[in-house]
Amino acid sequence: MEKRYDLEERLVQFAGECIKFCNSLGSTFAENHLKGQLIRSACGACLNYGEAQGAESKKDFIHKNGIVLKELKESRSTLKILAYSELGDPQMRAELLVEVEELCAIFGRIITSARKSLGQ
């Protein structure tokens, strides 16, 4: 995955790559369940980021970015389960894990900085 510095583009690309990865999985019960979970959480992170951009206050901004972080952490956990279960292309899965770790770190810093500016 090519690295991007525009967060919306990175989140769109992450969600899209997760969809591509899920489309490469089989159709066992476990794979179908985890595919749905990963697609929902990866897309949810991207969509909630859009909500955060329209936040009505600093507290709302923190809250909505917290949801983005929550969705990213859910995506990370799902990818870890897939890795443990040895499902999907290992290289693709590893690249997604690296990207989600970076995105989690970025959003963690965004939230921490926003809280500091509120004096929390």
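Figured I'd write up the structure that's included with this text. Everything numeric here is computed off the predicted structure, so don't read it as measured data. (Residues numbered from 1 in each chain as written. Predicted model: local features only at pLDDT ≥ 70, side-chain atom pairs only at ≥ 80, totals over all residues. Heavy atoms only, no water.)

### Things to note about the packing of helix H2 (residues 29–53) against helix H3 (residues 58–84)
Next up, step 1: Following both chains from N to C, one finds H2 and H3 inclined at 160 degrees, their axes separated by 8 Å at the closest point. One element, H2, and the other, H3, form an angle in the roughly antiparallel class. Crossing of H2 over H3 shows left-handed handedness.
Next up, step 2: Class assignment of the residues belonging to the contact of H2 with H3 gives a composition of 13 nonpolar, eight polar and five charged. (Axes fitted to C-alpha atoms, helices over the stretch in contact; angles between N-to-C directions. Helix = DSSP H or I, 4+ residues; strand = E, 2+ residues; numbered from the N terminus. Parallel < 35°, antiparallel > 145°, perpendicular 65-115°, else oblique. Left-handed = near helix turned anticlockwise from the far one by under 90°. Nonpolar A, V, L, I, M, F, W, Y, C, P; charged D, E, K, R; others polar.)

### Looking at the state of the cysteines
Next up, step 1: Applying the stated rule across the entire model yields zero disulfides.
Next up, step 2: Free cysteine cysteine 18: the closest other cysteine sulfur is in cysteine 22, separated by 6.4 Å.
Next up, step 3: Note on cysteine 18: relative accessible area 0%, which makes it buried. (Disulfide = S-S within 2.5 Å. Buried < 20%, exposed > 50% of the residue type's maximum accessible area, 1.4 Å probe, protein only.)

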